[in-house]
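If you want the building blocks of each chain, they are given just below.
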Amino acid sequence: MAIRKKSTKSPPVLSHEFVLQNHADIVSCVAMVFLLGLMFEITAKASIIFVTLQYNVTLPATEEQATESASLYYYGIKDLATVFFYMLVAIIIHAVIQEYMLDKINRRMHFSKTKHSKFNESGQLSAFYLFACVWGTFILISENYISDPTILWRAYPHNLMTFQMKFFYISQLAYWLHAFPELYFQKTKKEDIPRQLVYIGLYLFHIAGAYLLNLNHLGLVLLVLHYFVEFLFHISRLFYFSNEKYQKGFSLWAVLFVFGRLLTLILSVLTVGFGLARAENQKLDFSTGNFNVLAVRIAVLASICITQAFMMWKFINFQLRRWREHSAFQAPAVKKKPTVTKGRSSKKGTDSFLFAENGVNGTLTSNVADSPRNRKEKSS
């Protein structure tokens, strides 16, 4: 009787592209369930909570706007369902950008594993930052935030929002919540997960805080400012991947990063510390959404100041580390080869940007051990 040998073949390993396509198909099916639910009267009432914005109020036309009435929104518990649906939409868009844009560029450029992950990260974030920055700027212009800065604190609480304002905040919360499952879908390294969780959590904390405390005007301005600086960093890194001689974008980003932190502190202190502190109504009232009390103002300013200080501390440490690496590389090179070209020494400084991690709201931590030059030194 012949004895069958046990198969020693290992189970097939699913490729990264297959995993991304599989999870995108599943999420698309779930999202379609909510959309199809709108077609039937039995499920329409439940589906509409997920798909459309809730808590709509219509204000009668005033003398200034005699032609039409205003439709405004406030927030409530049903917004969680809306955020969940648009989180699914964000996952689908993420997969589309990855498959039809970033993966094709990666195959053409033949990036290494490290460059591959950094390119995907910068590609996804630059697309989001650009879209959110343009959208937020459109809201600022349409609602006269630029021409009248006092709107940041005047007539607080800002518990009624326009459709664009509320949809913007819903989209922001949905996008950063979708980043949690993407850690699994993108096969993120274990050592990178804590850093990712920290900055995703801080984004959600500040956006949800501005939304729930009815500081949506201030939150919108600060988000547009921050997103513009972050977009400049990631788009500069994408250009660096295509041409390593491109370095001017990083210098401009460093200047705007410091300017953005200072402007964030100035606007926050001006709005919370002076504008809201001088308001007549300073009583805690949950029914009207008024949180203009001393304890809340101190907590808001403390959270903003601590976050900005931490970001500047990480930024300064990164710049000092990069300067020391540049000096340590240039000193022995000058002794051995007096005719060293500038291009090689400048590339050393830019390698830190290439392998920099987009940490907490734009802060940086360099993975110098992963750089090509250090790998070469170890092998020798």
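Residues numbered from 1 in each chain as written. Predicted model: local features only at pLDDT ≥ 70, side-chain atom pairs only at ≥ 80, totals over all residues. Heavy atoms only, no water.

1. A short note on the overall build of the protein chain
The following threshold applies: For helices the rule is a DSSP run of H or I covering at least 4 residues; for strands it is a run of E covering at least 2, with both sets numbered from the N terminus onward. We call a residue buried when its accessible area falls under 20% of the maximum for its residue type, exposed when it is over 50%, and partly exposed in between, using a 1.4 Å probe and counting protein chains only. In what follows, a contact means two residues having at least one pair of non-hydrogen atoms within 4.5 Å. Values of accessible area rely on a 1.4 Å probe in the Shrake-Rupley scheme; residue burial ignores everything except the protein chains shown.
Counting secondary structure elements, the protein chain contains 11 helices and 4 strands. The proportion of buried residues among the 380 residues of the protein chain is 44%. In the protein chain, the share of contacts with a sequence separation of at least 24, taken over all contacts with a separation of at least 6, comes to 74%. Of the accessible surface of the protein chain, which amounts to about 21,700 Å², a share of 68% is contributed by carbon and sulfur atoms.

2. Points about the packing of aromatic side chains
Under the convention used in this document: Here a pair means two rings of Phe, Tyr or Trp (six-membered ring of Trp) with centres within 6.5 Å. Their orientation is stacked below 30 degrees between planes, edge-to-face above 60, and tilted elsewhere. For a lysine, the NZ atom is tested; for an arginine, the CZ atom; a charge sits over a ring if that atom is within 6 Å of the ring centre and within 35 degrees of the ring normal.
Following the criterion strictly, the structure yields 34 aromatic pairs and no others. Between Phe310 and Trp313 the ring centres are 6.0 Å apart and the planes differ by 35°, which places this aromatic pair in the tilted class. You can see Phe310 and its partner Trp313 sitting in helix 9 (residues 294-336), 3 residues apart, about one turn around the helix. For Phe310, a relative accessible area of 34% gives the class partly exposed. Its guanidinium or amino end placed over the ring of Tyr184, Lys187 lies 4.7 Å from that ring's centre, counting from NZ or CZ. Across from the ring centre of Phe257, 4.8 Å away, lies the NZ or CZ of Arg261, which sits over that ring.

3. Looking at the UniProt feature "transmembrane region" (unreviewed entry) in the protein chain
Operational definition: UniProt positions are given in the numbering used here, feature names are shortened, and annotations may be inferred rather than shown by experiment.
UniProt tags residues 26-51, 83-102, 123-147, 167-185, 197-214, 220-240, 252-274 and 294-316 as "transmembrane region" (unreviewed entry). With 80% helix and 0% strand, residues 123-147 has its two end C-alpha atoms placed 33 Å apart. A distance of 26 Å separates the end C-alpha atoms of residues 167-185, which is 100% helix and 0% strand.

4. Description of a nonpolar patch on the surface
As a reminder, the rule being used: In this analysis, a patch consists of residues with relative accessible area above 30% that form no salt bridge, clustered at 9 Å for like charges and at 5 Å for the nonpolar side chains Val, Leu, Ile, Met, Phe, Trp and Tyr. One side-chain nitrogen of Lys or Arg within 4 Å of one carboxyl oxygen of Asp or Glu is enough to make a salt bridge.
A surface patch of nonpolar side chains, amounting to about 650 Å² of accessible area, comprises Met32, Leu35, Leu36, Leu38, Met39, Phe40 and Ile48. Of the residues forming the nonpolar patch, the biggest block, 3 residues, is contributed by helix 1 (residues 16-37). Take Ile48: its relative accessible area is 39%, and that puts it in the partly exposed class.

5. With respect to helix 5 (residues 163-185)
We apply this condition: Expected helix span is taken as 1.5 Å per residue step, with the number of steps being one fewer than the number of residues. The reported bend at a residue is simply the angle between two axes, fitted to the 7 residues ending at it and to the 7 residues beginning with it.
Between its first and last C-alpha atoms helix 5 spans 32 Å; for 23 residues at 1.5 Å apiece the expected length is 33 Å, and the two agree. In helix 5, a bend of some 30° at Ala179 exceeds every other bend along the element, and Pro181, a proline, comes one to four places later. One or two positions beyond helix 5, positive phi appears at Lys187, with a value near 55°.

6. Some points on the pattern of salt bridges
A side chain of one charge can pair with a side chain of the opposite charge when the charged atoms of the two come close. Per the counting criterion, the structure on display carries 3 salt bridges. For Arg237, the salt bridge is made with Glu121, and the minimal N-O distance between the two is 3.4 Å. With Arg237 in helix 7 (residues 216-242) and Glu121 in helix 4 (residues 113-142), this pair connects stretches of sequence that are 116 residues apart. Across this residue pair, the class does not change: Arg237 and Glu121 are buried.

7. Overview of the packing of helix 3 (residues 79-109) against helix 5
Selection rule: Every axis corresponds to a line fitted to the C-alpha atoms, with the helix fit spanning only the stretch in contact, and the corresponding angles, defined between N-to-C directions, vary from 0 to 180 degrees. In what follows, roughly perpendicular refers to angles from 65 to 115 degrees, roughly parallel to angles under 35, roughly antiparallel to angles over 145, and oblique to any angle outside these ranges. In this scheme the handedness of a crossing depends on how the near helix is turned from the far one: anticlockwise by less than a right angle means left-handed, clockwise means right-handed.
The contact between helix 3 and helix 5 brings their axes to 7 Å, and the two run at 55°. Comparing their axes, helix 5 and helix 3 come out oblique. Crossing angle aside, the handedness with which helix 3 passes helix 5 is right-handed. Taken together, the residues of helix 5 that come into contact with helix 3 (itself represented by Asp79, Thr82, Val83, Tyr86, Met87, Ala90, Ile91 and His94) are Lys166, Phe167, Ile170, Leu173, Ala174, Tyr175, Leu177, His178, Pro181, Glu182 and Phe185.

8. Quick notes on the nonpolar core
Rules: As used here, the term nonpolar core means buried Ala, Val, Leu, Ile, Met, Phe, Trp, Tyr and Cys residues forming a set that is joined through side-chain atoms within 4.5 Å.
Residues Tyr129, Tyr169, Trp176, Leu220 and Tyr227 are the most contacted members of the largest nonpolar core, which totals 58 residues. Residue assignment for this core shows that the elements contributing at least two residues are helix 1, helix 3, helix 4, helix 5, helix 6 (193-212), helix 7, helix 8 (248-275) and helix 9. The biggest single contributor to this core is helix 5, with 10 residues. Counting 10 residues, the second-largest nonpolar core is a separate cluster that includes Val229, Leu232, Phe257 and Phe315.

9. Some words on the side chain of Ser47
So the rule is basically this: Side-chain atoms alone can form a polar contact between residues adjacent in sequence; in general such a contact is a pair of N or O atoms within 3.5 Å, and within protein one must be able to donate a hydrogen while the other accepts it.
With respect to the element layout, Ser47 can be found in helix 2 (residues 41-51). Taking the relative accessible area as the measure of exposure, Ser47 reaches 6% and is therefore buried. Here the side chain of Ser47 touches Phe34 through a polar contact of 3.4 Å, landing on its backbone oxygen. Setting aside chain neighbours within four positions, we find Ser47 in contact with Phe34, Gly37 and Leu38.

10. Quick look at unusual backbone geometry
In the segment running from Tyr156 into Pro157, the intervening peptide bond is cis, with an omega of 10°. Backbone geometry at Ala155 places phi at a positive 60°, although glycine is not the residue there. In the Ramachandran plot, Lys187 falls in the positive-phi region, its phi being about 55° despite a non-glycine side chain. Along the polypeptide, Lys187 turns up in the loop between helix 5 and helix 6.

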